[in-house]
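# Understanding the architecture of this molecule
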Amino acid sequence: MKRIFVVLLFSFAFSFSYAQKPRARDLGIPLDGNPGKLNAITDVKGVEVGHTTLISGEGELIVGEGPVRTGVTAIFPRGKQYDPVFAGWYSLNGNGEMTGTTWVEESGFLEGPIAITNTHSVGIVRDAVVEWEFENNHFDPLPDEPDVFWALPVVAETYDGDLNDINGFHVKKEHVFSALDNAKSGPVEEGNVGGGTGMICHQFKGGIGTSSREVIINNTTYTLGVLVQANYGTRESLTIAGVPVGKEISDRQILLDPLKRQEERGSIIVIVATDAPLLPHQLKRLARRVPIGISRVGGYGGNGSGDIFIAFSTANSGAANRLDTQQLTMIPNDKISSLFEAVAQATEESILNALVAAETMVGKNNTTVYELPEDEVIELLKKYGRINP
């Protein structure tokens, strides 16, 4: 069994043990598509990811004291320079939150970083992002009112209250600043990190996962990357490479009310990034393909699930110029289908990477959520003919 974190506090963009952690492909799980060099959202040039991970305390829940199993994940589309990107968003089931999407829909732009945290920390994370943007001049003042600053950050959430003292409000401004300041390109730590620290996926330990695909359109290679915060799904519906893994593995159940295990009541946030030149309406079409990847792993967007997705393109730099008429490039709709497929493939693999990287965690009231038993999964894939014996 992989190590269990008990009392730790991290703030990092990636871990130096990253290369030693297995991922879905390392287990031999058959996956379609051609991944980028890192098989991560950071394969899209300019994208940076940072995590702040908060893990402390054990035993009985004492609200305000712990145990703490939570954090923040930050994603910058173009690093820390201010250069808004075209974006589009979509909700499969709206029992969740992603702030700032009204303006994304209206303007077509994502103007700053995206942050992901737990359900009850959205407010403080949003406010901290606004303050960070102001302090770091991450904005473009109005030409006729140079002293005016306003921001509508995109902050999303999933619920970690089964493991975390969620009503203790342990995420603070400094934790958000740390995730933003330490965001980097390169490998992305997965599993029990950042906003995904206390998350549960198909009743195994879940969290952060990422993947990427390379797609050739009109003789040009484009990269598409996905990052998920996976906290959804029932055990029974878990499917890996077409194999009903969840039905086959009936032990290692979470010690919660068994009635709650009969329906999907979690959430999943998905970020899609690409360097392909797409306009907002096309990016919304990409976001709408995320559910295809989720369904391959067994998600169906239950009534209690918050399944909210946003897609952005790092092409067309400078398109948000306030004064000058812009000339833009875009891929024709008739050439976009390979990107749709890439979204589905990378979403599926990102969820599996989250499951594979996540480690058994003991949280509040000694609630235990077990990691995916990789050896059993491999044997099941062999049994069903998905991996050669």
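In case you missed it, the structure is sitting above this.
Residues numbered from 1 in each chain as written. Predicted model: local features only at pLDDT ≥ 70, side-chain atom pairs only at ≥ 80, totals over all residues. Heavy atoms only, no water.

### Concerning the nonpolar core
- Core analysis: the biggest nonpolar cluster contains 54 residues, and Ile240, Leu286 and Leu339 have the highest contact counts within it.
- Counting residues per element, the ones that place at least two in this core are strand E10 (207-217), strand E11 (220-231), strand E12 (267-274), helix H5 (280-287), helix H6 (290-297), strand E13 (306-313), helix H7 (337-357) and helix H8 (374-383).
- Those residues in contact with Leu286 that sit more than four places away from it in its chain are Leu224, Val272, Thr274, Leu278, Ala311, Ile336, Leu339, Phe340 and Val343.
- In terms of nonpolar packing, the next biggest core, distinct from the first, is built from 25 residues, Val49, Met98, Ala156 and Val188 among them. (Core = buried A, V, L, I, M, F, W, Y, C linked by side-chain atoms within 4.5 Å. Buried < 20%, exposed > 50% of the residue type's maximum accessible area, 1.4 Å probe, protein only. Helix = DSSP H or I, 4+ residues; strand = E, 2+ residues; numbered from the N terminus. Contact = heavy atoms within 4.5 Å.)

### Details of the side chain of Glu349
- When you line up the elements, Glu349 lands in helix H7.
- Classification of Glu349 by relative accessible area gives buried; the value is 0%.
- Side-chain polar atoms of Glu349 contact the side chain of Arg25, separated by 2.7 Å. (Polar contact = N/O pair within 3.5 Å; in protein donor to acceptor, adjacent residues only side chain to side chain.)

### What about the pattern of salt bridges?
- Scanning the model with the defined rule gives twelve salt bridges in all.
- As a salt-bridge pair, Glu105 and Lys284 come within 3.1 Å of each other at their nearest N and O atoms. One end of the pair, Glu105, is in helix H1 (residues 101-107); the other, Lys284, is in helix H5, with 179 residues separating them in the sequence.
- The exposure class of Lys284 is buried, given its relative accessible area of 18%. (Salt bridge = Lys/Arg side-chain N within 4 Å of Asp/Glu carboxyl O.)

### Some remarks on the sheet that holds strand E4 (residues 85-94)
- Reading across from one edge, E5-E4-E13-E12-E11-E10 is the order of the six strands in this open sheet, with mixed pairing throughout. Bordering the open sheet on either side are strand E5 (109-110) and E10, each of which pairs with just one other strand.
- The pairing of E11 with E12 spans eight bridges and is antiparallel. Paired with Ala230 across the two strands is Ile268, which belongs to E12. (Pairing = 2+ DSSP bridges.)

### Brief notes about the packing of aromatic side chains
- Tallying each qualifying case throughout the model produces seven aromatic pairs.
- Seen from their ring centres, Phe134 and Phe139 are 6.3 Å apart, and the 10° between their planes marks the pair as stacked.
- Plain terms: the ring middles of Phe134 and Phe149 are 5.4 Å apart, the flat faces sit at 45° to each other, and that makes the pair tilted. Remark: Phe149 occurs in the loop between helix H2 (122-135) and strand E7 (154-158) and Phe134 occurs in helix H2; sequence separation between them is 15 residues.
- Using a relative accessible area of 22% as the deciding quantity, one classes Phe149 as partly exposed. (Phe/Tyr/Trp six-rings, centres within 6.5 Å; stacked < 30°, edge-to-face > 60°.)

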